[in-house]
Amino acid sequence: MERYSSQGARGVRWPGSELSAVRPVAQLEEPVCHQTSGCACLLSQQLEFITPFQLYFNPDLIFRKFQVWRLITNFLFFGPLGFSFFFNMIFLYRYCRMLEEGSFRGRTADFVFMFLFGGFLMTLFGLFASLFFLGQAFTIMLVYVWSRRNPYIRMNFFGLLNFQAPFLPWVLMGFSLLLGNSIIIDLLGIAVGHIYYFLEDVFPNQPGGKKLLLTPGFLKMVFDTPEEDPNYNPLPEDRAENQPRDQDENQQHPQ
């Protein structure tokens, strides 16, 4: 009976130590993005409810057997429970939070659109590169976008190498190469991250450039708080000055 091997699945690498070695100097709080889904997939696999063979990216099964869930589940699997898994989740958790609370603060719809745009490009590349799981590439994409938008933050690698944040994805890729792992998944994440960064941050600011990545209106309706209309004239009873005051404010204090 064929068994799943984490060493044989392209798109998944399990060194883990490269994730633990890199730490930002400025410590920021981390949020939950889609780690919950990843943990759910891991728990289901550990309990043998599902297997990686039911999650991996397979165009033939997607288009011929209509197993469309594979378009999503291949991003949610980060390997078996272990040291590498936790550090992969920490990296995803950290840089997703930094983006969400940094350059995407108040722009949840744009944040979701970046997820969809990156996932779409990775899926297209996955068709030609025979990658089974794309969660690692998605994490590298987040790291790349964050690093380019925070170019002056100093990073440290094993306490030996200091560098600016934009070099972080390349340091991770170089370390993975030294460990003998395939760097295809790293290159995919860097490539997709650069495409998004160029179209979103660079090209619109060039002479003759314009914003090409426009967040669909339905995403803004779902995720963003509607902007108040400056021309809106509330009814007299809804105006603030006509609202009843607190009882203690209406009481007359004795002289």
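Everything quoted here is computed from the prediction, not taken from an experiment.

Let us look at the layout of surface pockets. Approximately 360 Å³ is the volume attributed to the largest pocket. Forming the boundary of the largest pocket are 13 residues, of which Leu71, Phe75, Phe115, Leu116 and Gly119 lie nearest the centre. Secondary-structure elements contributing two or more residues to the lining of the largest pocket are α4 (70–73) and α6 (108–129). Ranked by the residues each element gives to the lining of the largest pocket, the list is headed by α6, at seven residues. Split by residue class, the lining of the largest pocket holds ten nonpolar, three polar and no charged.

We now examine the packing of helix α7 (residues 135–149) against helix α8 (residues 168–178). Interhelical geometry of α7 versus α8 gives an angle of 140 degrees and a closest axis separation of 8 Å. With respect to α8, the axis of α7 lies oblique. Every residue of α8 that contacts α7 at Ile140, Val143, Tyr144 and Ser147 is listed here: Leu168, Pro169, Trp170 and Leu172.

With that out of the way, let us pick up the environment of asparagine 156. Within the secondary structure, asparagine 156 is located in strand β2 (residues 154–157). Sequence separation of asparagine 156 and leucine 168 is twelve residues, and the distance between their C-alpha atoms is 9.3 Å. Reaching out from asparagine 156, the side chain makes a polar contact with the side chain of asparagine 162 at a distance of 2.8 Å.

Our focus in this paragraph is the nonpolar core. Grouped together as the largest cluster of nonpolar side chains are 48 residues, with contacts concentrated most on Tyr95, Leu99, Met114, Met122 and Leu142. Of all the secondary structure elements, the ones that give two or more residues to this core are α5 (83–101), α6, α7, β2, α8 and α9 (184–202). In contact with methionine 114, other than residues within four places in its own chain, are Leu99, Phe104, Met141, Leu142, Val145 and Tyr196. Ranked by size, the runner-up nonpolar core spans five residues in total, among them Leu55, Tyr56, Leu61 and Phe133.

This paragraph deals with the confidence of the model for the protein. Residue-level pLDDT values for the protein average 75, and 68% of them are 70 or greater. At the low end of the mean pLDDT range in the protein sits helix α1 (residues 17–21), at 35; at the high end sits α9, at 94. Per-residue pLDDT stays below 50 along residues 1–35; that stretch engages in 104 contacts with residues further than four places along the chain or on separate chains.

What counts and what doesn't
Residues numbered from 1 in each chain as written. Predicted model: local features only at pLDDT ≥ 70, side-chain atom pairs only at ≥ 80, totals over all residues. Heavy atoms only, no water. 1 Å grid on protein atoms, 1.4 Å probe; cavity = no way out; pocket = protein on both sides within 12 Å on 5 of 7 lines; lining within 4 Å. Points joined across faces, edges and corners; volume = space filled by probe spheres on them. Helix = DSSP H or I, 4+ residues; strand = E, 2+ residues; numbered from the N terminus. Nonpolar A, V, L, I, M, F, W, Y, C, P; charged D, E, K, R; others polar. Axes fitted to C-alpha atoms, helices over the stretch in contact; angles between N-to-C directions. Parallel < 35°, antiparallel > 145°, perpendicular 65-115°, else oblique. Contact = heavy atoms within 4.5 Å. Polar contact = N/O pair within 3.5 Å; in protein donor to acceptor, adjacent residues only side chain to side chain. Core = buried A, V, L, I, M, F, W, Y, C linked by side-chain atoms within 4.5 Å. Buried < 20%, exposed > 50% of the residue type's maximum accessible area, 1.4 Å probe, protein only. pLDDT = per-residue confidence, 0-100.

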